[in-house]
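Now for the letters of each chain:
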Amino acid sequence: MAADMDWAAQVREMLEHDRVQLVYQPSVSTTDGTVLDYEVLVRMICDDGQIILPGGFMPAAERFGLIHSVDRWNVNRAIRQLASLHEHGHRASFTINLSGKAFEDSTLLPLIQKSLDDTGLDPTWVTFEITETAAIANLSAAEEFISALKDIGCQFALDDFGCGFSSFAYLKHLPVDKLKIDGSFVKGMAHSSVDQALVESMNQVAHALGKLTVAECVENEETMRLLKDMGIDLAQGNYLGRPGDVPVSLIQPEPPAGAIAGVVRLRLSMHHPSRLEAAPTWDIARLLLLAQEGLAMYRDVQVPREAGEGEDAERPRDWPGPSQERPGANRMASESSPADYFSKPQL
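Residues numbered from 1 in each chain as written. Predicted model: local features only at pLDDT ≥ 70, side-chain atom pairs only at ≥ 80, totals over all residues. Heavy atoms only, no water.

**Student:** Outline the overall build of the chain, listing residues and values.
**Tutor:** When you go through the chain residue by residue, the secondary structure sums to 11 helices and 13 strands. In the chain, buried positions account for 50% of the 347 residues. At a minimum sequence separation of 6, the contacts of the chain that also span at least 24 residues come to 67%. Of the roughly 16300 Å² of accessible surface on the chain, 51% is carried by carbon and sulfur atoms. (Helix = DSSP H or I, 4+ residues; strand = E, 2+ residues; numbered from the N terminus. Buried < 20%, exposed > 50% of the residue type's maximum accessible area, 1.4 Å probe, protein only. Contact = heavy atoms within 4.5 Å. Areas by Shrake-Rupley, 256 points an atom, 1.4 Å probe, with all protein chains shown as cover.)

**Student:** Hey, could you go over the packing of helix α4 (residues 108-119) against helix α6 (residues 139-152) for me, with residue numbers and the actual values?
**Tutor:** Remark: α4 packs on α6, axes separated minimally by 11 Å, with the N-to-C direction vectors making an angle of 15 degrees. Regarding the angle of α4 to α6, the classification is roughly parallel. Both α4 and α6 take part in a crossing whose hand is right-handed. Contacts between α4 and α6 involve L108, L109, I112, Q113 and L116 on the former and, on the latter, F145, A148, L149 and I152. (Axes fitted to C-alpha atoms, helices over the stretch in contact; angles between N-to-C directions. Parallel < 35°, antiparallel > 145°, perpendicular 65-115°, else oblique. Left-handed = near helix turned anticlockwise from the far one by under 90°.)

**Student:** Give me the lowdown on the pairing of strand β5 (residues 126-131), citing residues and values where you can.
**Tutor:** Within a regular strand, the side chains alternate between the two sheet faces. Counting buried positions along β5 gives five out of six residues, so the element sits mostly inside the fold. Sheet analysis places strand β4 (residues 94-97) next to β5, joined by four bridges and oriented parallel. Note on β5: the bridge partner recorded for F94 is V126. In this region the chain leaves β4, passes through α4 and returns to the parallel neighbour β5; the handedness of that crossover is right-handed. Pairing of β5 with strand β6 (residues 155-161) involves five bridges; the strand directions are parallel. (Pairing = 2+ DSSP bridges. Right-handed = clockwise from strand over helix to strand, strands pointing away.)

**Student:** I'd like a description of the pattern of salt bridges, backed by residues and values.
**Tutor:** One pass over the structure, following the stated rule, counts eight salt bridges. Linked by salt bridges that have partners in common, E39, E129 and K180 make up one network. (Salt bridge = Lys/Arg side-chain N within 4 Å of Asp/Glu carboxyl O.)

**Student:** Tell me what's going on with the environment of F64, and back it up with residues and numbers.
**Tutor:** With respect to the element layout, F64 can be found in the loop between α2 (54-63) and α3 (67-87). Sequence separation between F64 and A8 is 56 residues; the distance between their C-alpha atoms is 6.5 Å.

**Student:** Give a description of the nonpolar core that names residues and reports values.
**Tutor:** Ranked by internal contacts, the top residues of the largest apolar core, which has 74 residues, are M44, F94, I96, F128, V218 and L227. With residues up to four places along the chain from it excluded, the contact list for M44 reads V11, M14, L15, R19, V20, Q50, I51, I52, F57 and V70. (Core = buried A, V, L, I, M, F, W, Y, C linked by side-chain atoms within 4.5 Å.)

**Student:** Outline unusual backbone geometry, supporting the account with residue identities and numerical values.
**Tutor:** Of note in the backbone geometry, D160 takes a positive phi value of approximately 55 degrees without being a glycine. Relative to the assigned elements, D160 resides in strand β6. For D160, a relative accessible area of 22% translates into the label partly exposed. Its identity as a non-glycine residue notwithstanding, C217 has a phi of 60 degrees, on the positive side.

**Student:** Could you give an account of the side chain of H68, naming the residues involved and the relevant values?
**Tutor:** Considering the arrangement of structural elements, one finds H68 in helix α3. The residues contacting H68, other than those within four sequence positions of it, are K101, E104 and D105.

Written out as structure tokens, the structure reads:
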């Protein structure tokens, strides 16, 4: 209890001093690797710079009545950032996580409507998601809440689908647009015919009901290939793109005159040549092209991690450390164009 109270105090302080951070993980099309959406995830930043994941502070926030404040901050900030994106010509879409207590907050729907009205953002670019277990726990409230969101014009996704005892039975009551297949079924697909059968059946039922499917926790090429063959619509996971503090589309679109600029994607032939043929074009979540007189430089490139590495890992095992030279650095510095390394984005 004392530990939870300490967490609650930290959550309250971080919200008051705006030490909360949003990060964005791409969801890509299984057919061509195009980024179609970003899931918005929340982090808290301590005084010493340590980043705390939701599992560290959400339980305390729920227990001590702060979860509604977290939801409201998350929703307001995400909508305003997405609106800023659109104002600069980037047509991205966001999926915003809500807590299991969101249905109980009578101020949340008005806040969503006000944020959309204030920013002028088209609500069709916004999807809200909540876990299946939270929706099932209060089915009537969930149905009413989802219907109200859809009346506003937003979309809704059911997260962790398949983990409930009677997942399919609830679908006819919940007017959701997307089903996010629980990662516990997806992680082992490459080696489990049972998981393959379960994922395929979920996809078939979802499509029969007119809903899009998203596979979570995609960690390797073989899983991605299976999902594509099954006809899953979208895939998400560290293999395809890790959470980053700036989505690709938030990168400054207007460089100084004469600079080489634009959002780009990096093909990892220099690190994973065996993946190059089958892998989609990789997203770089934190890439800026800073150029002067025709020379391009890049900073903090995000690359996909090896399967099994945690979300907080800083780099793949074969990626050079800070004191090492990154492959191709000399070539990029000595040549006038990085075209050999980059291809145009598929926005």
